[in-house]
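Structural characterization, general
Here are the chains, one letter per residue:
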Amino acid sequence: MQNYTIFGGCLRSELVFPELHPGDGRAPSWHLRVERGAYAAGPEELLGTGTEPHCRVTLHRCENGFHLHHSCTGDFELSADGSRITWYPREGAQEEMARADVMGRVLSTALHAGGKIALHGSGVVMGDEAVAFLAPKGYGKSTLALALVNAGARLVTDDTFAVDPADPVRVLPGIHRMRLCADAAARLIADERATELGIDGKHVVDERGDERRVLEAVPLAAIYLLAPASPESVGDQAVQRTRLPAPLAAMSILRHAKIGALLGGSEAPRVIERAAALVRTVPVYELAVVRDLECIDAVVGQLMDWHGAGCVGGVR
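Figured I'd write up the structure that's included with this text. Bear in mind the structure is a predicted one, so any value in this text is a computation, not a measurement.

The rules behind the values
- Residues numbered from 1 in each chain as written.
- Predicted model: local features only at pLDDT ≥ 70, side-chain atom pairs only at ≥ 80, totals over all residues.
- Heavy atoms only, no water.
- Helix = DSSP H or I, 4+ residues; strand = E, 2+ residues; numbered from the N terminus.
- Rg over C-alpha atoms; globule rule 2.2 N^0.38 Å.
- Buried < 20%, exposed > 50% of the residue type's maximum accessible area, 1.4 Å probe, protein only.
- Contact = heavy atoms within 4.5 Å.
- Areas by Shrake-Rupley, 256 points an atom, 1.4 Å probe, with all protein chains shown as cover.
- Lys, Arg positive; Asp, Glu negative; His and termini not counted.
- Charge placed at Lys NZ, Arg CZ, Asp CG, Glu CD.
- Disulfide = S-S within 2.5 Å.
- 1 Å grid on protein atoms, 1.4 Å probe; cavity = no way out; pocket = protein on both sides within 12 Å on 5 of 7 lines; lining within 4 Å.
- Points joined across faces, edges and corners; volume = space filled by probe spheres on them.
- Nonpolar A, V, L, I, M, F, W, Y, C, P; charged D, E, K, R; others polar.
- Pairing = 2+ DSSP bridges.
- Salt bridge = Lys/Arg side-chain N within 4 Å of Asp/Glu carboxyl O.
- Core = buried A, V, L, I, M, F, W, Y, C linked by side-chain atoms within 4.5 Å.

1. Focus: the overall build of the protein chain
Each helix and strand counted, the protein chain has six helices and 20 strands in total. For 316 residues, the compact-globule formula gives about 20 Å, and the C-alpha radius of gyration of the protein chain, at 19 Å, lands near that figure. In terms of overall dimensions, the protein chain has C-alpha extents of about 60 × 45 × 40 Å along its principal axes. When the 316 residues of the protein chain are sorted by exposure, 51% land in the buried category. For the protein chain, long-range pairs separated by at least 24 residues make up 63% of all intrachain contacts whose partners lie at least 6 apart in sequence. Element-wise, carbon and sulfur atoms account for 49% of the exposed surface of the protein chain, whose accessible area totals about 13900 Å². One way to put it: in the protein chain the 32 positive side-chain charges average out to a point 2 Å from where the 40 negative ones average out.

Structural data, given as structure tokens:
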């Protein structure tokens with residue numbers, strides 16, 4: 001069993017996670033063990049179903065907690081409070097895919113069980129507060145986050161953005177590895193920084209430097225929903241923002257919930273309640289961004305001006 005730092009807590013795990021930072025001495029928030037053998041399902045409520053190109057995912061509510069089934073990696077059983085996780089690997093399951101499951105859907109379920117909400121997004125800290133960028137895959141969340149980090153911001157997380165919706169709303173630092181397409185990696189990653197290629201073919205950059213990452217929970221200042229825009233639609237600016245009214249903002253948060261499609265049934269009211277609580281205190285904006293790497297400096301500068309950070313570095 002090894003300890004790892006993730007989502008503002010400690011994961012104690014039999015499964016090795018080279019992607020995560022070693023634990024910092026705090027008591028474990030989650031325990032993950034591996035059980036060889038078939039998962040024995042009892043009476044369950046199907047909460048939701050998700051699909052991938054070659055796999056199927058289902059989440060169930062059971063008597064003692066949750067059961068997440070992934071047709072490619074196996075079964076994950078979680079206690080009612082999310083603190084205890086057991087993985088029953090299917091034959092031939094790839095550990096890299098299982099680790100991605102744990103850091104994504106499984107811990108998102110554990111966070112939900114603990115009263116939090118996990119969103120599909122990236123985030124950075126500018127000044128003393130965090131901002132989130134939410135969008136589907138391929139919209140440039142990681143690219144924008146890394147450009148801001150290069151300019152002096154600090155990385156909170158990439159891909160899974162965990163929020164404690166209690167007042168004051170805080171962001172829980174997550175995974176400090178970023179995945180970028182080749183063109184963004186060529187522009188934003190310095191030549192001397194080594195990268196690796198993930199299973200999806202993207203370049204993976206690890207932000208382990210203390211000056212470039214956040215390890216403690218921080219207040220959340222704003223949420224941005226990325227909306228690709230043409231140069232004509234934003235005039236002489238590379239980026240524009242429009243604040244959404246609370247009902248539309250809450251609906252948008254629900255659309256970007258990390259496992260929103262899986263949290264139906266009896267769990268849906270809890271997700272809705274947390275989204276509503278979140279937008280009562282945190283502004284949500286639509287961010288119209290020109291999808292052109294030649295404009296990234298202007299986008300970064302405007303965001304830092306909005307959040308009083310100023311550009312203290314420079315985007316390569």
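2. Remarks on the state of the cysteines
Here the structure, examined in full by the defined rule, presents one disulfide. Each disulfide pairs two cysteine sulfurs, and for Cys55 the partner residue is Cys72, the sulfurs being separated by 1.7 Å. Sign of the S-S torsion, about -95° for the bond between Cys55 and Cys72, identifies this disulfide as left-handed. Of this pair, Cys55 sits in the loop between strand E5 (44–51) and strand E6 (56–62) while Cys72 sits in the loop between strand E7 (65–70) and strand E8 (74–79), and the two are 17 residues apart along the sequence. Of the residues examined, Cys55 reaches a relative accessible area of 9% and is grouped as buried.

3. Re helix H2 (residues 141–150)
Within H2, 10 of the 10 residues are buried, which leaves it mostly tucked inside the rest of the structure. Within H2 the residues assigned to the buried category are Lys141, Ser142, Thr143, Leu144, Ala145, Leu146, Ala147, Leu148, Val149 and Asn150. Immediately beyond the C-terminal end of H2, within one or two residues, lies Gly152, with a positive phi of roughly 120°.

4. A short note on empty space enclosed by the protein
Here the idea is plain: a probe the size of a water molecule rolls over the atoms and shows the empty space left. Using the criterion set out here, one finds one cavity of 30 Å³ or more in the structure. What the largest cavity holds in volume is close to 70 Å³. Lining the largest cavity, in full, are Ser108, His112, Lys116, Ile117, Ala118, Ala257, Lys258, Ile259, Leu263, Val271 and Arg274. Within the lining of the largest cavity, the residues separate by chemical class into six nonpolar, two polar and three charged.

5. So, the sheet that holds E7
The strands making up a sheet are joined through hydrogen bonds of the backbone, oriented either antiparallel or parallel. Here nine strands make up an open sheet; going across it, the order is E3-E1-E2-E4-E9-E8-E7-E6-E5 and the pairing mixed. Every interior strand has two partners, whereas the edge strands, strand E3 (21–22) and E5, have only one. When strand E1 (residues 2–6) meets strand E2 (residues 9–13), the two strands line up antiparallel, connected through five bridges. Note on E2: the bridge partner recorded for Ile6 is Gly9.

6. A short note on the pattern of salt bridges
Summed over the entire model, instances satisfying the criterion amount to eight salt bridges. The partner of Glu216 in a salt bridge is Arg26, with the nearest N and O atoms 3.5 Å apart. Residue Glu216 is located in the loop between strand E17 (203–206) and strand E18 (218–229), and its partner Arg26 is located in the loop between E3 and strand E4 (30–34); the two are separated by 190 residues in the primary sequence. On the basis of relative accessible area, Arg26 is assigned to the partly exposed category, the value being 25%. When the shortest N-O distance is used, the salt bridge between Arg33 and Glu35 registers 2.5 Å. With relative accessibility at 36%, the residue Arg33 sits in the partly exposed group. Residue Glu35 is classed as partly exposed on the basis of its relative accessible area, which comes to 29%.

7. Here's the deal with the nonpolar core
With 59 residues, the main nonpolar core has Ile6, Phe17, Trp30, Leu220, Ile223, Ile253 and Leu278 as its most contacted residues. Among the elements that line this core, the one with the most residues is helix H1 (residues 95–113), at seven residues. Among the nonpolar cores identified, the runner-up in size contains 34 residues, and Met126, Leu144, Ala238 and Val299 belong to it.

8. Structural notes on the pairing of E6
For E6, the tally of buried residues reaches five of seven residues, placing the bulk of the element in the interior. In terms of strand pairing, E5 meets E6 through seven bridges, oriented antiparallel. Counted as the bridge partner of Leu46 is His60 from E6. What sits between the antiparallel neighbours E5 and E6 is a turn of four residues. Looking at chain direction, E6 and E7 are connected through six bridges and run antiparallel.

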